[in-house]
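Examining the three-dimensional arrangement
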Amino acid sequence: MSQATEDLAQGVAAGERRALSRAITLVESARADHRAEAVALLDALKPGGRQALRIGLSGTPGVGKSTFIEAFGMFLIERGLRVAVLAVDPSSARSGGSILGDKTRMETLSRNPNAFIRPSPARTHLGGVARRTREAVALCEAAGFDVVLIETVGVGQSETMVAEMSDVFVLLLAPAGGDELQGVKRGIMEMADIILVNKADGDLKQTATRTCSDYTGALRLLRKRPQDPEGYPKAMTVSAVTRDGLPEAWQALETLTEWRRDSGHWDRARAEQARHWFMEDLRAGLLARLDSDPDIRERITRLGEEVADGRKAPTVAADEVLAALGKSTVLEQD
Ligand code: GDP
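Just so it is clear, the model here is predicted, and its values are computed rather than measured. (Residues numbered from 1 in each chain as written. Predicted model: local features only at pLDDT ≥ 70, side-chain atom pairs only at ≥ 80, totals over all residues. Heavy atoms only, no water.)

**What about empty space enclosed by the protein?**
- One pass over the full model with this rule turns up one cavity of 30 Å³ or more.
- Looking at the largest cavity, its volume works out to about 50 Å³.
- What lines the largest cavity is I55, L57, F68, F72, L149, V170, I194, L196, A249 and L253.
- Taken together, the elements giving at least two residues each to the lining of the largest cavity come down to β1 (53-59), α4 (65-78), β6 (194-197) and α11 (246-263).
- Its residues assigned to classes, the lining of the largest cavity shows 10 nonpolar, no polar and no charged. (1 Å grid on protein atoms, 1.4 Å probe; cavity = no way out; pocket = protein on both sides within 12 Å on 5 of 7 lines; lining within 4 Å. Points joined across faces, edges and corners; volume = space filled by probe spheres on them. Helix = DSSP H or I, 4+ residues; strand = E, 2+ residues; numbered from the N terminus. Nonpolar A, V, L, I, M, F, W, Y, C, P; charged D, E, K, R; others polar.)

**Some words on the environment of A23**
- Relative to the helices and strands, A23 is located in helix α2 (residues 17-28).
- Classification of A23 by relative accessible area gives buried; the value is 0%.
- Taking the C-alpha atoms as reference points, A23 and L41, 18 residues apart in sequence, are found 8.1 Å from one another.
- Ignoring sequence-local partners within four residues, the contact set of A23 consists of L8, V12, L41 and L139. (Buried < 20%, exposed > 50% of the residue type's maximum accessible area, 1.4 Å probe, protein only. Contact = heavy atoms within 4.5 Å.)

**With respect to the packing of aromatic side chains**
- For the structure shown, the criterion picks out four aromatic pairs.
- Between F68 and F72, the ring centres sit 5.1 Å apart and the planes meet at 15 degrees, which makes this aromatic pair stacked. Separated by four residues within a single helix, F68 and F72 lie in helix α4, roughly one turn from each other. We note that F68, like F72, is buried.
- With a centroid separation of 6.1 Å and an interplanar angle of 65 degrees, the aromatic rings of F72 and W250 are classed as edge-to-face. Pair noted here: F72 is in helix α4 and W250 is in helix α11, with a separation of 178 residues, a long-range link. In this pair, the class of F72 matches that of W250, namely buried.
- An aromatic cluster is defined as three or more aromatic residues linked by ring pairs; in this entry it consists of F68, F72, F75 and W250.
- When the ring centre of F145 is taken as origin, the NZ or CZ atom of R82, which lies over that ring, is 4.1 Å away. (Phe/Tyr/Trp six-rings, centres within 6.5 Å; stacked < 30°, edge-to-face > 60°. Lys NZ or Arg CZ within 6 Å of the ring centre and 35° of its normal.)

Dropping the structure here:
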């Protein structure tokens, strides 16, 4: 490890936000030499030390995610906690533009020394975003943040990914008529530990309360999960503007995480997640190596066409590539 990376590791471990920011830039880099330093950095900041509460937060644009994170983040900081916010924005993976990257979001929070906010990197494919976000979470944890909020926009794939790196998953919804309840995909409902119906204030309060009881009913119909204590998953109302319901939401999160810690579900979930990401990294790394050999890459492209044309069965084509690997040095790179 270079001296610079060693210094960076020390800065991160000391909780310095500038060092954390540079460390995340390093793990986001696609350059091979940066990658090597990033791996050394993550190794130096070994996991198994401090654990933050990782909260996945999802909601479609307009439900009030930024307003909520600003209010909830400040609420937590007022209770003496340090809060990191990471955004996962699948739109930036496609277009390079970011819904969540807007610099004017969360102004009060971003100026607070006990907060750290990082928008989604532009122009990275979703797999790359997954790894980068997971590594950024680990870095925030190593930097001593108590709560890491991982925010994403309501698009199926990114939600699953965020849930796979979170301890609890919160779904933020807006007040709506009964029909719109159907608009939330069942899969996303099933991921939620807590549903927060936001904007429960002023004229919207009544609708929010009704929406909340609709979701309470809908949640009761879901299959009971082993990782849930009595009464979970649950739906509650909040207002990011008036801050009503924030203490209750935090209490509900604390009750849930305490129960999961005591019952062993917390450790089991973290262990499973670590194993999952290890396999994902291995898979991605192997594919990258295959891609780095021009002969194999050419063969894969050609076989892909033959498979698409129906000239060859997928199984046979895959087998051919695997057989060719035996004769290649691609797996012997260091
Ligand atoms: P995001 O796209 O999910 O990040 O949503 P924003 O935080 O940008 O909020 C979208 C709109 O909803 C803005 O006009 C906010 O002022 C408004 N909003 C957010 N939270 C609340 C709330 O608790 N009550 C009310 N009445 N409006 C809210």
